[in-house]
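Each chain, written out:
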Amino acid sequence: MGTMTNGFTRLTEQFLVHIGVERGLATATVTAYESDIAKYIDWLETRGIHEPDAITKQDVEDYIAALDQAGESARSKARRLASIHEFHRFALGQHAVTADVSAAVKAPKGASTLPDVLTVDEVTRLLDAAAAGGSTDPVVLRDKALLEFMYATGCRVSEATGANLDDIDLDEHIARLMGKGSKQRLVPLGSYACRAITAYLNAGRGELEQRSSAKIPERRALFLNKRGKRISRQSVWEIVKATGERAGITKPLHPHTLRHSFATHLIQGGADVRTVQELLGHASVTTTQIYTHVSPETLIETYLTSHPRAR
């Protein structure tokens, strides 16, 4: 962790354990945080600041200004400030400081955060890893169907966990999703997703349902957990994370990454923004327009900002 000593050392160690172990963030994400905070603290120490509670709002603003003078991109500055915000919030929670002096410091203009996305090849690796070599284990069949469904529809994790059997029409290749505000929308299901869901329904879901200890088994839910109950959001997070690790994907990975990737790949394939808006269930096209800025070049930049040592 650079040359830091004194009051910063233990707090930083605790912070890294917090995000890496307690929050379960990906190794690459933890590495990015570690690099950002080390550089921030090294800079503070050149100003004679050696304790967390000695930092002022002006110091944070001056640091961002120093990054600007050093020629850092708006996106890079935004990411570093996000790391600083997280660090200061943690310090406040640990009572290492009496106030979060970074809270009022805003990211520079033009630094809106682009979503984490996978390349088409990475999505393929992820979905292949979910199949576990063609295993017919009910849990494997479910995981494969779940991830194929999420990528094919661009659904939110709550929409995946809330999906019912009667929301799926495999003959028509259509899924009905219940979005925010109980708004329903119909989205197409590709052939890969239909095949994976069919395999799961034929040889996986029934066995999972039988594992239920409840007097009345879960008859409606599309995706069940290992105990025959409707799958939870936390379980989906764990499935995505574990499958990503097996696929060798080192980017930050969470259920929404599949949604971001779905939208980005559609835009890059020439889809109209309004169409993507409807598929995602966005109330405003403004929300969808961020995906028009995710080009192959920014995919590379996203990777490098998540892996600062690769620069």
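Residues numbered from 1 in each chain as written. Predicted model: local features only at pLDDT ≥ 70, side-chain atom pairs only at ≥ 80, totals over all residues. Heavy atoms only, no water.

- Looking up the protein chain in an unreviewed UniProt entry gives the name Tyrosine recombinase XerD, with the organism given as Bifidobacterium longum.
- The UniProt entry for the protein chain carries this comment under Subcellular location (unreviewed entry): "Cytoplasm".
- On record in UniProt, under Function (unreviewed entry), the comment for the protein chain is "Site-specific tyrosine recombinase, which acts by catalyzing the cutting and rejoining of the recombining DNA molecules. The XerC-XerD complex is essential to convert dimers of the bacterial chromosome into monomers to permit their segregation at cell division. It also contributes to the segregational stability of plasmids." (UniProt positions renumbered as here; feature names shortened; annotations may be inferred.)

1. Thoughts on the pattern of salt bridges
For step 1, the next point in the chain: A full pass over the atoms with the stated rule returns 18 salt bridges.
For step 2, the next point in the chain: Notably, a salt bridge pairs glutamate 86 with arginine 89, separated by 2.9 Å at the nearest N-O pair. Linking glutamate 86 with arginine 89, this pair stays in helix H4 (residues 74-93), spanning three residues, or about one helical turn.
For step 3, the next point in the chain: Residue class for glutamate 86 comes out buried when judged on its relative accessible area of 17%.
For step 4, the next point in the chain: A relative accessible area of 45% places arginine 89 in the partly exposed class.
For step 5, the next point in the chain: With a closest N to O distance of 3.9 Å, arginine 125 and aspartate 121 form a salt bridge. Separated by four residues within a single helix, arginine 125 and aspartate 121 lie in helix H5 (residues 120-130), roughly one turn from each other.
For step 6, the next point in the chain: For arginine 125, a relative accessible area of 30% translates into the label partly exposed.
For step 7, the next point in the chain: Accessibility expressed as a relative area gives 48% for aspartate 121, which makes it partly exposed.
For step 8, the next point in the chain: Here the salt bridges do not stand alone but share partners, grouping Asp36, Glu72 and Arg80 into one network. (Salt bridge = Lys/Arg side-chain N within 4 Å of Asp/Glu carboxyl O. Helix = DSSP H or I, 4+ residues; strand = E, 2+ residues; numbered from the N terminus. Buried < 20%, exposed > 50% of the residue type's maximum accessible area, 1.4 Å probe, protein only.)

2. Overview of the nonpolar core
For step 1, the next point in the chain: Ranked by size, the top nonpolar core spans 47 residues in total, and within it Leu146, Leu147, Phe149, Met150, Leu189, Tyr200 and Phe223 carry the most contacts.
For step 2, the next point in the chain: For this core, the secondary-structure elements that each account for two or more residues are H5, helix H6 (138-153), helix H7 (157-161), strand S2 (174-178), helix H8 (191-203), helix H10 (233-246), helix H11 (255-268) and helix H12 (273-280).
For step 3, the next point in the chain: Among the elements that make up this core, the one with the highest residue count is H6 (seven residues).
For step 4, the next point in the chain: Val30, Val60, Leu81 and Val97 belong to the second-largest nonpolar core, a separate cluster that totals 25 residues. (Core = buried A, V, L, I, M, F, W, Y, C linked by side-chain atoms within 4.5 Å.)

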